[in-house]
2 protein chains.
Amino acid sequence: MGDRLSTSEGSRLQFSQDESYHPPKTPDAVVRPVSEQEISKIVSLCSRYRTPIIPFGAGTSLEGGILAIHGGVCIEMSAMNQVLRVNGEDQDVTVQAGVTRMQLNSQIRETGLFFPVDPGADATIGGMTSTRASGTNSVRYGTMRENVLNVRVVLANGKVIKTGGRARKSAAGYDLTRLFVGAEGTLGVITEVTLRLHGIPEATTVAICSFPSVRAAVSCSVSTIQYGVPVARIELIDKLQMRACNNYSFLNLPEAPTLFFEFHGSTAGVREQAETVEGIAKGLGGESFKWAEKTEERTHLWQARHDALYAALALKPGAQAWSTDVCVPVSRLAECIEDTRLDIEKSRATATIVGHVGDGNFHVIFLIDPKCPEEQKIARQINHRMISRVIAMEGTCSGEHGIGIGKKDYLDIEFGEALGIMHDLKHTLDPCNLMNPGKVLDSDYYSSQIS
Amino acid sequence: MGDRLSTSEGSRLQFSQDESYHPPKTPDAVVRPVSEQEISKIVSLCSRYRTPIIPFGAGTSLEGGILAIHGGVCIEMSAMNQVLRVNGEDQDVTVQAGVTRMQLNSQIRETGLFFPVDPGADATIGGMTSTRASGTNSVRYGTMRENVLNVRVVLANGKVIKTGGRARKSAAGYDLTRLFVGAEGTLGVITEVTLRLHGIPEATTVAICSFPSVRAAVSCSVSTIQYGVPVARIELIDKLQMRACNNYSFLNLPEAPTLFFEFHGSTAGVREQAETVEGIAKGLGGESFKWAEKTEERTHLWQARHDALYAALALKPGAQAWSTDVCVPVSRLAECIEDTRLDIEKSRATATIVGHVGDGNFHVIFLIDPKCPEEQKIARQINHRMISRVIAMEGTCSGEHGIGIGKKDYLDIEFGEALGIMHDLKHTLDPCNLMNPGKVLDSDYYSSQIS
């Protein structure tokens, strides 16, 4: 590998942490492969010497997904960054796993197509596939689950498989594609991904509306979907976050629970959508409904939404952010957010709430003084109570951030008996527990099963 | 089980065949369970005595999925036909696996919601889940892959698991739901399914247009999608099938490759969609573009499409139909259909072609004299050449009918090395090969691996 293999402390530290609250864990070596064949050789070698393998994309995971908790070799994917093939007519694209979503959209812009899945960070497609990522417009365009057509994967034994083709649908055999989407690198190293693309809409309109309560805002979101409005984005920003956004992004919006909408379609279509939603919003006490059709206005508003994390951080100088993530059936969303907000206030924590409410997905952003372990403890407790609440509501402990090391304990509560099947699958595909070990599933449980 | 267990020849014959061209295979016994608990007991007992288990829904499979090729117990699901819970606000429903799609839609009509996936037959939800079914409006609403939120499954050891919750999206753990969707009963018996529902659109319009060639019709379909028209259905009917439909359904449409469109949306929205498509169609030589807004007209036209199989049969009295199914990237669809049509004509077979062309999915309906083995042989050869062509085009050997026993040989060509992983998964979940054995995967291969 020459200088593409490094065991220097500098390199190892560079790949020892993600963007989460979890403390760094350093790999023993970092390699930067340039081909699938090289990855296959690295994995074969690691397998022979029982060395853990941790694929590393952009390092933007939020639950410790890329920490080298058992040491091993970090496979750093930045050199696997080629967009291999764009098929305009088929609206699909094949990329190497190290391509980032913004790079992809920039390289395909002239085709009139775009790739919609947009987690906040500029993650790699391999990483997004592995965490089953989604984002603000999944309510319209789906998550990685719906947008991945095929992956190429290096398995623990070094063999390479492809899991699908380029047909839009298939009833042929087990759905291996979906097995690797969301597996967080624990079943193999993804080297290539074929993605669905979507046409850039003819027109885009943004609307914003304030509500007297979170419940009214959520009702508006639910009704919008029920009316069949094909909304591209519905984002909730709670009162505290709205104050933060006003300050940080120089907005002058009411400090109240607020919905950001985006509509995609024909020029007439987006107007009709916005009008329908305006009617729904007014009926629920929505105020200051504003449209933004001009690109600059739209960009400014969405930039404010995308900068929510930085805006929140500015509320409490010196604080670190811990963004947690759950998803519930939308009928329980208002109650779930309200109960969580009450819990935050009772616990005297500082935390804002933002949500992709069309999907029932929301995030609590805790602002924690890194010098105060008590604040961390309180956040953990609120998070724990929130996840328990969510699972009791038939929701999930993660809508889009994944399990990593941070949420392993909740899988058992969420899946019960089915967790055993996940362990069985892991054991079948990775009998020596070398592929990103200790992520998603506990290594301890695993060892006890195979001994 | 009392009289809900039968070993009489009559019962066994009744559950010995599906709607495919494959000869019947009789189970040793037929049971009609009324609860998941009963199914668990049946499976445990069968496991103890190494007896194959074949779940049987409506018996409408088209690739021999429910034939008892190794004998065993047929678990006949007709008594598991309760719609358990409709959640209007969440737009989801939980049903027992024996509920049929028409029953479901009839029972939920008053909620203003519908379940879109519509294979031709009135299949059960369990069967549709197991074959990863789709239909005419999957281009808009997705297939079973996108519409199943959760399944409850009795595993080979009798244990019961649930694979998901009711949240719209989740990044928690391996995607077990998608593992069972499309597994054709080979990994467990599905007892309950939670499905996404969709709002009944405010307005529906149907349009029909004839084209000078299959290529022009397919181009129209591709352009429609590229323009971002959220079309609910685009169905291709080839020239011969159009003649059959005219005769059978008393239509008077040109005998030419024809597209049937359906548009869902607001009143203004569907007009706009239809106008956009009319423009596209005219630019490609489309003629006699007709809209049908009235319910009766629409129903008549779609009934004609749904009766395509019977119409085809009427072309050749006494013939049996064999409907095969492939799916390719849409950029290859015209070429694939044209080459297949040429092959049909050269081989002097009688066969029509219909397709869900928005997805790249099409069916060849062979009309075969049951007394003439030569005709069967010719159909098999055309089918074989077509599937080889499709796989070379990065398509799939089945878009929606599944593998059953009819397409097992093609999985190897389509998936290569990945087929080994499917066998490994099967072996992990069903170590004694008792769950619908010999379907999807070859029992022989299987035996050689575990011996």
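Residues numbered from 1 in each chain as written. Chains lettered and ligands numbered in written order. Predicted model: local features only at pLDDT ≥ 70, side-chain atom pairs only at ≥ 80, totals over all residues.

**Re the overall build of chain A**
Turning to step 1, where the next piece is worked out: Along its length, chain A carries 17 helices and 18 strands.
Turning to step 2, where the next piece is worked out: By the compact-globule yardstick of 22 Å for 451 residues, chain A fits well, its C-alpha radius of gyration being 22 Å.
Turning to step 3, where the next piece is worked out: Across its three principal axes, chain A shows a C-alpha extent of roughly 65 × 55 × 40 Å.
Turning to step 4, where the next piece is worked out: Burial statistics for chain A: of 451 residues in total, 58% are counted as buried.
Turning to step 5, where the next piece is worked out: Residue pairs at least 24 apart in sequence account for 70% of intrachain contacts in chain A once pairs closer than 6 positions are excluded. (Helix = DSSP H or I, 4+ residues; strand = E, 2+ residues; numbered from the N terminus. Rg over C-alpha atoms; globule rule 2.2 N^0.38 Å. Buried ≥ 20, exposed ≤ 12 C-beta atoms within 10 Å, placed from the backbone. Contact = placed C-beta atoms within 7 Å.)

**Some details on the relation of the copies chain A and chain B**
Turning to step 1, where the next piece is worked out: Of the two same-sequence chains, chain A is brought onto chain B (RMSD 0.0 Å, axial shift 0.0 Å) by a rotation of 180°. What the superposition gives is, in effect, a two-fold axis relating one chain to the other. (Least-squares fit on C-alpha atoms with pLDDT ≥ 70 in both.)

**With respect to the environment of A203 of chain B**
Turning to step 1, where the next piece is worked out: In this fold, A203 of chain B is placed in strand β12 (residues 203-210).
Turning to step 2, where the next piece is worked out: In sequence terms A203 of chain B and F263 of chain B are 60 residues apart; their C-alpha atoms lie 8.1 Å from each other.

**Looking at helix α14 (residues 373-392) of chain B**
All names here are of chain B.
Turning to step 1, where the next piece is worked out: With 20 residues, α14 ought to run about 28 Å at 1.5 Å a step, and its terminal C-alpha atoms sit 29 Å apart, in line with that.
Turning to step 2, where the next piece is worked out: Every buried residue of α14 is listed here: E375, A379, I382, N383, M386, I387, V390 and I391. One face of α14 carries all of its buried residues, which in axial projection span an arc of 165°. Relative to its buried face, α14 has exposed residues pointing more than 90 degrees away, namely P373, E374, K377, H384 and A392.
Turning to step 3, where the next piece is worked out: Looking at the buried positions of α14, the neighbouring elements they touch are β16 (320-327), α13 (333-346), β18 (361-368) and α15 (408-415). (Expected span 1.5 Å × (residues − 1). Arc of directions from axis to C-beta.)

**Looking at the sheet that holds strand β1 (residues 5-6) of chain B**
All names here are of chain B.
Turning to step 1, where the next piece is worked out: Taking strand neighbours across the sheet as the criterion, the four strands line up as β1-β2-β4-β3 in an open arrangement whose pairing is mixed. The sheet is open, and its two borders are formed by β1 and β3 (53-56), each paired with just one other strand.
Turning to step 2, where the next piece is worked out: Strand direction decides the pairing type here: β1 and strand β2 (residues 29-31), joined by two bridges, are antiparallel. In the strand pairing of β2, L5 is matched with V31.
Turning to step 3, where the next piece is worked out: Strand contacts of helix α2 (residues 36-48): β2, β3 and β4 (73-76), with the helix running at about 170° to β4, the strand carrying the most contacts. (Pairing = 2+ DSSP bridges. Axes fitted to C-alpha atoms, helices over the stretch in contact; angles between N-to-C directions.)

**Digging into the interface of chain A and chain B**
Buried accessible area, meaning the area lost when the parts come together, often serves as the stated size of an interface.
Turning to step 1, where the next piece is worked out: Between chain A and chain B, the residue contacts involve 71 residues of the former and 72 residues of the latter.
Turning to step 2, where the next piece is worked out: Secondary structure elements with two or more residues in the side of chain A that touches chain B: α6 (144-147), β9 (160-162), α7 (176-180), α8 (214-226), α10 (267-283), α15 (408-415) and α16 (418-429) of chain A.
Turning to step 3, where the next piece is worked out: Here the side of chain A that touches chain B takes six residues from α16 of chain A, the largest share from any one element.
Turning to step 4, where the next piece is worked out: A class-by-class count of the residues in the side of chain A that touches chain B yields 26 nonpolar, 25 polar and 20 charged. (Nonpolar A, V, L, I, M, F, W, Y, C, P; charged D, E, K, R; others polar.)

**Some thoughts on the domain arrangement of chain A**
All names here are of chain A.
Turning to step 1, where the next piece is worked out: Domain parsing of chain A yields domain 1 (2-76), domain 2 (83-199), domain 3 (203-308), domain 4 (316-408) and domain 5 (410-450).
Turning to step 2, where the next piece is worked out: Measuring from the centre of the C-alpha atoms in domain 1 to the corresponding centre in domain 4 gives 29 Å.
Turning to step 3, where the next piece is worked out: Of the residues in the side of domain 1 that touches domain 4, the class split is four nonpolar, five polar and one charged. (Domains from an automatic or database assignment.)

**What to know about the packing of helix α9 (residues 239-249) of chain B against helix α12 (residues 308-315) of chain B**
All names here are of chain B.
Turning to step 1, where the next piece is worked out: Where α9 meets α12, the closest approach of the two axes is 8 Å, and the angle between their N-to-C directions is 95°. Of the possible angle classes, the one that applies to α9 and α12 is roughly perpendicular. Mapping the contact onto sequence places Q241, A244, C245, N247, Y248 and S249 in α9 and A308, Y310, A311, A312, A314 and L315 in α12.
Turning to step 2, where the next piece is worked out: For the contact of α9 with α12, a count of residues per class yields nine nonpolar, three polar and no charged. (Parallel < 35°, antiparallel > 145°, perpendicular 65-115°, else oblique.)

**Regarding the pairing of strand β5 (residues 83-87) of chain A**
All names here are of chain A.
Turning to step 1, where the next piece is worked out: Direction of pairing for β5 relative to strand β6 (residues 92-96): antiparallel, over a ladder of four bridges. Directly across from N87, in β6, lies its bridge partner D92.
Turning to step 2, where the next piece is worked out: Between β5 and β6, which pair antiparallel one after the other, the connecting turn spans four residues, and Q91 there sits at a positive phi close to 50°.

**Comments concerning unusual backbone geometry**
Residues and elements named next belong to chain A.
Turning to step 1, where the next piece is worked out: One non-glycine residue with positive phi stands out, namely R50, at about 50°.
Turning to step 2, where the next piece is worked out: Take R50: it is sitting in the loop between α2 (36-48) and β3 (53-56).
Turning to step 3, where the next piece is worked out: Even without a glycine there, the phi angle at N436 is positive, about 40°.
Turning to step 4, where the next piece is worked out: Structurally, N436 is set in the loop between α16 and α17 (443-450).

**Here we look at the pairing of strand β14 (residues 258-265) of chain B**
All names here are of chain B.
Turning to step 1, where the next piece is worked out: Counting buried residues along β14, eight of its eight residues qualify, which places the element largely inside the surrounding structure.
Turning to step 2, where the next piece is worked out: Judged by which residues are buried, β14 turns out to be covered on both faces: T258, F260, E262 and H264 on one side and L259, F261, F263 and G265 on the other are all buried.
Turning to step 3, where the next piece is worked out: Sheet analysis places β12 next to β14, joined by eight bridges and oriented antiparallel. Its bridge partner being in β14, T205 is matched across the sheet by F263.
Turning to step 4, where the next piece is worked out: By the bridge criterion, five bridges tie strand β13 (residues 233-237) to β14 in an arrangement that is antiparallel. Residue I234 lies in a different strand from β14, and its bridge partner there is F261.

**Quick notes on the confidence of the model for chain A**
Turning to step 1, where the next piece is worked out: Here chain A averages 95 in pLDDT, while 98% of its residues score no lower than 70.
Turning to step 2, where the next piece is worked out: Interface confidence for the predicted complex, given as ipTM, is 0.96, next to a pTM of 0.96. (pLDDT = per-residue confidence, 0-100.)

**Regarding the sheet that holds strand β1 (residues 5-6) of chain A**
The strands making up a sheet associate through backbone hydrogen bonding, with each pair oriented either parallel or antiparallel.
Residues and elements named next belong to chain A.
Turning to step 1, where the next piece is worked out: Spatial ordering of the open sheet is given by β1-β2-β4-β3, a layout of four strands whose pairing is mixed. At either end of the open sheet lies a strand with only one pairing partner, and these are β1 and β3.
Turning to step 2, where the next piece is worked out: On top of the sheet, α2 reaches β2 (29-31), β3 and β4 (73-76); it is set at about 170° to β4, its chief contact.

**A look at the packing of α13 of chain B against α14 of chain B**
All names here are of chain B.
Turning to step 1, where the next piece is worked out: Two elements in contact, α13 and α14, have axes separated by 10 Å at closest approach and are oriented at 160°. With respect to each other, α13 and α14 are oriented roughly antiparallel. Considering how the two elements wind past one another, α13 and α14 form a crossing that is right-handed. Note on element contacts: α14 touches α13 through I382, R385, M386, R389 and V390, opposite C336, D339, T340, D343 and I344.
Turning to step 2, where the next piece is worked out: Looking at the contact of α13 with α14, its residues break down into five nonpolar, one polar and four charged. (Left-handed = near helix turned anticlockwise from the far one by under 90°.)

**Comments concerning the environment of G158 of chain A**
All names here are of chain A.
Turning to step 1, where the next piece is worked out: With respect to the helices, strands and loops of the structure, G158 is situated in the loop between β8 (148-154) and β9.
Turning to step 2, where the next piece is worked out: According to the C-beta neighbour criterion, G158 is partly exposed, with 16 such atoms within 10 Å.
Turning to step 3, where the next piece is worked out: Distance in space between the C-alpha atoms of G158 and A314 is 47 Å, their sequence separation being 156 residues.
Turning to step 4, where the next piece is worked out: For G158, the residues in contact, after removing those within four places along its chain, are S40, V43, S44 and S47.

**Topic: helix α8 (residues 214-226) of chain B**
All names here are of chain B.
Turning to step 1, where the next piece is worked out: Under the 1.5 Å per step criterion, the end-to-end length of α8 is 18 Å for 13 residues, consistent within 8% with the ideal 18 Å.
Turning to step 2, where the next piece is worked out: Across the 13 residues that make up α8, a large majority, ten, are buried.
Turning to step 3, where the next piece is worked out: Residues of α8 that are buried: V214, A216, A217, V218, S219, C220, S221, V222, T224 and I225.
Turning to step 4, where the next piece is worked out: The elements touched by buried residues of α8 are β13, β14, α10 (267-283) and α13.
Turning to step 5, where the next piece is worked out: Phi for G228, located one or two positions after α8, is positive at around 80°.

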